[in-house]
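Take a look at the letters that make up each chain.
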Amino acid sequence: MKIGVVCYPTYGGSGVVATELGKAMARAGHEIHFISYAQPARLDAFTENVYFHEVNSIKYPLFEHEPYVLALASKLVDVVQYEKLEILHIHYAIPHATAAFLAQSILREKGINIPFVTTLHGTDITIVGKDATFEPVVSFSINHSDGVTAVSESLKADTLKHFHVGKEIKVIPNFIDFTRFKYSPKDHFKTAIAPNGEKILVHTSNFRKVKRIDHVIEIFAKVRAAIPSKLLLVGDGPERRNAEMLCRELNVTEDVRFLGKQDAIEEILSVSDLFLMPSETESFGLAALEAMACRVPVVSSNTGGIPEVNVEGVTGYLRCYKDVQGMADAAISLLGNDELLAQMKEQAYQHALNFDIQEIMPQYIEFYQQFLVKTD
Ligand code: GMT
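**Q** I'm lost on the site of the ligand in this one. Help?
**A** Near the ligand there are 19 residues, and of these H121, N174, K211, E282 and S283 occur at the shortest range. Residue N174 places a side-chain N or O atom 2.9 Å away from an oxygen atom belonging to the ligand. Residue S283 places a main-chain N or O atom 2.9 Å away from an oxygen atom belonging to the ligand. For the ligand, the accessible surface in isolation is 480 Å², of which the surrounding protein chains cover 96%. In a pocket analysis with a 2 Å cut-off to the grid points, the ligand is assigned to the largest pocket. The greatest single-element share of the shell around the ligand, amounting to three residues, is contributed by helix α1 (residues 13-27). Its residues assigned to classes, the shell around the ligand shows five nonpolar, 11 polar and three charged. Structurally, the shell around the ligand is a two-domain feature, drawing no fewer than three residues from each of domain 1 (2-175 + 356-375) and domain 2 (187-355).

**Q** Explanation requested: helix α5 (residues 135-143) in the structure shown.
**A** Think of an α-helix as turning once every 3.6 residues; residues three or four places apart then point the same way. Along α5, the residues classified as buried are E135, V138, S139, S141 and I142. The buried residues of α5 occupy an angular sector of 165° when the element is viewed end-on, so they sit on one face.

**Q** What is the right way to look at the packing of aromatic side chains in this model?
**A** In this description, an aromatic ring pair is defined by two values, namely the gap between the centres and the angle between the planes. Tallied over the entire structure, the rule returns seven aromatic pairs. Seen in terms of ring centroids, Y8 and Y37 are 6.5 Å apart; in terms of plane orientation they differ by 70°. Their pairing is edge-to-face. One end of the pair, Y8, is in the loop between β1 (2-6) and α1; the other, Y37, is in the loop between β2 (31-36) and β3 (50-54), with 29 residues separating them in the sequence. Between F101 and F140, the ring centres sit 4.8 Å apart and the planes meet at 90°, which makes this aromatic pair edge-to-face. Placement of F101 in helix α3 (residues 96-109) and of F140 in helix α5 is noted, with a sequence separation of 39 residues between them. Members of the aromatic cluster, connected to one another through ring pairs, are Y8, Y37, Y68 and Y92. Between the NZ or CZ atom of R295 and the centre of the ring of Y349, over which it lies, the distance is 4.0 Å.

**Q** Can you help me understand the domain arrangement of the protein in this one?
**A** How big an interface is tends to be stated in terms of accessible area lost as the parts join. Each domain of the protein was delimited in the assignment, giving domain 1 (2-175 + 356-375) and domain 2 (187-355). For domain 1 versus domain 2, the distance between C-alpha centres works out to 30 Å. With 21 residues of domain 1 at the interface, the matching set in domain 2 holds 19 residues. Roughly 1400 Å² is buried in total at the junction of domain 1 and domain 2, and carbon and sulfur atoms are behind 55% of that figure. Summed over the three residues of domain 1 that lose the most area to domain 2, namely Y11, N174 and D356, the buried surface amounts to 33% of that side. The tally of links between domain 1 and domain 2 comes to one salt bridge. Between R42 and E290 there is a salt bridge whose closest N-O contact spans 3.4 Å. At the boundary of domain 1 and domain 2, one finds nine residue pairs in polar contact (both at pLDDT 80 or more). Elements with a minimum of two residues in the side of domain 1 that touches domain 2: α1, α4 (123-126), α6 (153-162) and α14 (357-369).

**Q** Looking at this structure, I do not really get the sheet that holds strand β8 (residues 199-205). What am I missing?
**A** Pairing between the strands of a sheet comes from backbone hydrogen bonds, and it takes one of two forms, parallel or antiparallel. Pairing is parallel in the open sheet, where six strands are placed in the order β10-β9-β8-β11-β12-β13. Where the open sheet ends on each side, the last strands, each with one partner, are β10 (256-260) and β13 (316-319). Strand-to-strand twist across the sheet, computed as the mean angle between neighbouring axes with direction ignored, equals 20°. Across three bridges, the pairing between strand β11 (residues 274-277) and strand β12 (residues 298-301) is parallel. Along β12, the bridge assignment pairs M277 with S300. Of the strands in this sheet, β8, β9 (229-235), β10 and β11 touch helix α8 (residues 213-226), which is tilted by about 165° from β9.

**Q** Can you walk me through the pattern of salt bridges in this structure?
**A** In a structure, side chains of opposite charge can pair up when their charged atoms sit close to one another. Considering all chains together, one arrives at 20 salt bridges under this definition. Residue K211 pairs with E282 through a salt bridge whose shortest N-O separation is 2.9 Å. Note that K211 is positioned in the loop between β8 and α8 and E282 in the loop between β11 and α11 (286-293), a separation of 71 residues in sequence. A salt bridge links R319 to E312, with the shortest nitrogen-to-oxygen separation between them at 3.3 Å. Since its relative accessible area comes to 24%, R319 is described here as partly exposed. Take E312: its relative accessible area is 41%, and that puts it in the partly exposed class. Overlapping salt bridges bring together E20, K23, R42, R180, E266 and E290 as one network.

**Q** Can you help me understand unusual backbone geometry in this one?
**A** Residues other than glycine predominantly adopt negative phi, and peptide bonds predominantly adopt the trans conformation. Of note, the amide linkage connecting I94 to P95 takes the cis form, showing an omega dihedral of -10°. Mapped onto the elements, P95 comes out in the loop between β4 (87-91) and α3. Even without a glycine there, the phi angle at K84 is positive, about 55°. In this fold, K84 is placed in the loop between α2 (68-83) and β4. According to the relative accessible area criterion, K84 is exposed, its value standing at 60%. Positive phi is not limited to glycine here, since Y92 has a value of about 80°. As for its placement among the helices and strands, Y92 is situated in the loop between β4 and α3.

Reading guide: rules and limits
- Residues numbered from 1 in each chain as written.
- Predicted model: local features only at pLDDT ≥ 70, side-chain atom pairs only at ≥ 80, totals over all residues.
- Heavy atoms only, no water.
- Near = heavy atom within 4 Å.
- Polar contact = N/O pair within 3.5 Å; in protein donor to acceptor, adjacent residues only side chain to side chain.
- Areas by Shrake-Rupley, 256 points an atom, 1.4 Å probe, with all protein chains shown as cover.
- 1 Å grid on protein atoms, 1.4 Å probe; cavity = no way out; pocket = protein on both sides within 12 Å on 5 of 7 lines; lining within 4 Å.
- Sits in = over half its atoms within 2 Å of the grid points.
- Helix = DSSP H or I, 4+ residues; strand = E, 2+ residues; numbered from the N terminus.
- Nonpolar A, V, L, I, M, F, W, Y, C, P; charged D, E, K, R; others polar.
- Domains from an automatic or database assignment.
- Buried < 20%, exposed > 50% of the residue type's maximum accessible area, 1.4 Å probe, protein only.
- Arc of directions from axis to C-beta.
- Phe/Tyr/Trp six-rings, centres within 6.5 Å; stacked < 30°, edge-to-face > 60°.
- Lys NZ or Arg CZ within 6 Å of the ring centre and 35° of its normal.
- Contact = heavy atoms within 4.5 Å.
- Buried area = accessible area lost by both parts, 1.4 Å probe.
- Salt bridge = Lys/Arg side-chain N within 4 Å of Asp/Glu carboxyl O.
- Pairing = 2+ DSSP bridges.
- Axes fitted to C-alpha atoms, helices over the stretch in contact; angles between N-to-C directions.

Put into structure tokens, the structure is as follows:
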């Protein structure tokens, strides 16, 4: 199948899912064309059957805001036509699904029928999309997608609650590529971070407000007061500066390492003992699943789709959003009990196996089939 994939190229979850899914489909023999304004971060090595088409916008003094939707729609028309694509997979509703609808309408006038499937990822629904600024366009774009998927039952419910959607939404969860996410602890790395055998807590995100990095640091400060430990913060984003200030305020700077954006995230996770995800909202929590795949249990909030990933008492612990003390207590009781920690590390890994890309990728391929244009 020739598939066009539209996504954000950044380290965010939707871009990661789009890229890993596309690469897996390419390995299975499909021809994948990524279309975005920059090369996706996880498209870091040559992969057979994978192509990248960059969307170039134009800068003109009249445009205070560059019309990216129009540039993307034009690019889609071009790529669909000349690469003879059979279907478009659109990741993140805003503005990608709208651009796809426009491209589809233009192509129809040229006698080309191209179906598009939209995957809803989270903030396109829970934060940005439901804002009155975008709601009518998001509802329209979802309803005019040929097929719609959501990454969790919780996100599906949120979509139906906040939008005027008459479309069937299929839930296909996020996944792990276990050929990449292999537990590979590097002793020298662990020793460099925790020279005295301290426990290692980790958090990875795009440091947006919704991730509550402040709560990550507050939880860590409480854990550190009870158990010798270190905190690794991976990623970057708007809350980075505030996070650094809070570390100073709580006097924990010498035990907190800001590692910035990292590609080999599995190496960092493999030396970690506990992942923290106290998010205000999280449609799925791919970062938590990646941790579990590297045998790291998770202490998290219980919002959105997180309970569909992190199972209370099995893969970690869930507490109410904002319950910093509760999450710290759970972390302390787990990190203070080596036998329980070892058991939960194994259980986290076993549960992550349920989200193997080899099981999830065929669900998308099967989903596409029903929308393909029949040619005799
Ligand atoms: O987490 C982010 O803020 C990035 C965002 C994205 O779309 O790039 O992630 C969302 O999509 C991921 C992949 O489907 C989900 O695993 C994340 O839970 C979701 N983030 C939120 O809902 C906050």
